[in-house]
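Examination of the molecular architecture
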Amino acid sequence: MTDSLAISKFSDLANPTRFLALAARILPWMAVITAILFAIGLYLSFTTEGDYQQGATVRIMYVHVPAAWLSMMCYTVMAVSAIGTLVWRHPLADVSHKAAAPLGAAFTLIALATGSLWGRPMWGTWWVWDARLTSVFVLFLMYLGLIALNRAMDDPSRAARVSAVLILVGFVNIPIIKFSVDWWNTLHQPASVIRMGGPTIDQEFLWPLLIMAIAFTMLFFTLHVMAMRNEIWRRRVAAQRRMAARLAGHVTGSEG
Amino acid sequence: MSHTFYIAMSYAVSAIVILCLIAWTWLDGRARQKELAELEASGIRRRSAQAKGDAA
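1. Quick look at the overall build of chain B
- Along the backbone of chain B there are two helices and zero strands.
- When each of the 56 residues of chain B is scored for burial, the buried share is 11%.

2. Side note on the overall build of chain A
- Within chain A, the regular secondary structure consists of eight helices and zero strands.
- The secondary structure elements of chain A, listed N-terminal to C-terminal, are α-α-α-α-α-α-α-α.
- Counting all 256 residues of chain A, 36% fall into the buried class.

3. Considering the interface of chain B and chain A
- Contacts between chain B and chain A engage 21 residues on the former and 30 residues on the latter.
- Looking at the side of chain B that touches chain A residue by residue, the classes come out as 11 nonpolar, six polar and four charged.

4. Structural notes on the environment of A:Pro16
Residue and element names in this part refer to chain A.
- Within the fold, Pro-16 resides in helix 2 (residues 16-47).
- Given 19 C-beta atoms within 10 Å, Pro-16 falls into the partly exposed group.
- Spatially, the C-alpha atom of Pro-16 lies 27 Å from that of Phe-107, the residues being 91 residues apart in sequence.
- In this structure, Pro-16 is in contact with Pro-91, Leu-92 and Ile-232, ignoring residues within four places of it in sequence.

5. Re the confidence of the model for chain B
- Considering every residue of chain B, the mean pLDDT works out to 85; 79% of them sit at 70 or more.
- For this predicted complex, the interface confidence comes out at an ipTM of 0.86, alongside a pTM of 0.87.

6. Things to note about helix 5 (residues 131-152) of chain A
- Its 22 residues place the ends of helix 5 of chain A 31 Å apart at the C-alpha level, agreeing with the 32 Å of an ideal helix rising 1.5 Å per residue.
- If you follow the buried residues of helix 5 of chain A, they end up packed against helix 3 (61-88), helix 4 (93-123), helix 6 (156-170) and helix 7 (173-183) of chain A.

7. Concerning the packing of helix 4 of chain A against helix 5 of chain A
Residue and element names in this part refer to chain A.
- For the pair helix 4 and helix 5, interaxial distance at closest approach is 9 Å and the crossing angle is 150 degrees. Considered as vectors, helix 4 and helix 5 are oriented roughly antiparallel to each other. For helix 4 against helix 5, the interelement crossing comes out left-handed. Mapping the contact onto sequence places Lys-98, Ala-101, Pro-102, Gly-104, Ala-105, Thr-108, Leu-109, Ala-111 and Leu-112 in helix 4 and Val-136, Phe-137, Leu-139, Phe-140, Tyr-143, Leu-144, Leu-146, Ile-147 and Asn-150 in helix 5.
- Of the residues assigned to the contact of helix 4 with helix 5, the class counts are 14 nonpolar, three polar and one charged.

8. Points about unusual backbone geometry
- Despite not being glycine, A:Arg89 has its phi angle at roughly 50 degrees, a positive value.
- Along the chain, A:Arg89 falls in the loop between helix 3 and helix 4.

What counts as what
- Residues numbered from 1 in each chain as written.
- Chains lettered and ligands numbered in written order.
- Predicted model: local features only at pLDDT ≥ 70, side-chain atom pairs only at ≥ 80, totals over all residues.
- Helix = DSSP H or I, 4+ residues; strand = E, 2+ residues; numbered from the N terminus.
- Buried ≥ 20, exposed ≤ 12 C-beta atoms within 10 Å, placed from the backbone.
- Contact = placed C-beta atoms within 7 Å.
- Nonpolar A, V, L, I, M, F, W, Y, C, P; charged D, E, K, R; others polar.
- pLDDT = per-residue confidence, 0-100.
- Expected span 1.5 Å × (residues − 1).
- Axes fitted to C-alpha atoms, helices over the stretch in contact; angles between N-to-C directions.
- Parallel < 35°, antiparallel > 145°, perpendicular 65-115°, else oblique.
- Left-handed = near helix turned anticlockwise from the far one by under 90°.

Next up, the structure:
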């Protein structure tokens with residue numbers, strides 16, 4: 001009974017009109033919560049002590065790590081949506097992965113840029129082609145490829161199916177990114193927060209990091225819902241223009 | 001270059017990318033809403049909206 005209720009609620013959301021109504025209700029709240037979390041997170045980021053070795057440069061961690069987490073989480077959201085497209089033909093699944101790709105590219109760009117800016121004073125180099133950095137760069141290229149593919153194909157449902165297959169094939173890169181620091185010798189440090197045995201990072205740095213991570217995650221979901229809404233509107237505009245063209249054709253035909 | 005430069009650049013790059021992303025998503029939404037309103041004003045409506053209008 002409870003299961004059927006949950007499935008019914010989920011399938012209700014599959015209706016784009018219901019999704020638009022829900023988005024209109026929740027978006028202002030999501031935006032406010034995101035802004036508050038960023039205000040707290042940024043305040044903590046700039047008021048905590050510097051690290052005994054890195055000094056104030058440790059503050060780069062509060063934007064670099066959440067962006068890097070999101071670059072992988074966004075791809076995971078896209079992979080789940082891709083399964084929705086291929087298995088259940090969920091009406092919003094292809095809208096979801098198409099809307100998420102530019103967001104994932106932007107967060108991966110932030111992770112790469114801030115990582116490079118952190119690497120220069122700490123490692124003495126802007127970039128090295130080691131396993132972690134290279135696999136994240138490959139992820140960035142994959143996002144760009146998926147954006148280009150979606151824009152190159154006129155038929156959104158065909159583009160969605162092709163993208164979904166590529167997303168699922170490319171998902172192999174996510175565990176490679178996560179475990180690259182354990183499997184290969186890299187300049188990048190191993191995991192210090194999400195690891196067996198708990199975080200190794202000091203509480204002083206952990207709290208601002210977690211709050212900034214939640215703020216970035218809320219920002220992603222807020223922008224994702226907005227981008228999905230925009231994509232539904234875009235498809236409605238295209239459908240209505242097709243209808244207008246058909247009507248115009250009928251009128252011209254009956255006059256002739 | 002001092003460490004302050006790298007910290008400031010990191011936050012500046014993040015802020016620019018995030019603000020561009022927010023602006024792009026918001027402006028895209030406004031443009032689509034405008035297009036839908038123009039189509040509606042010219043009498044072109046979705047079939048489901050037409051059916052509702054006919055029923056009323």
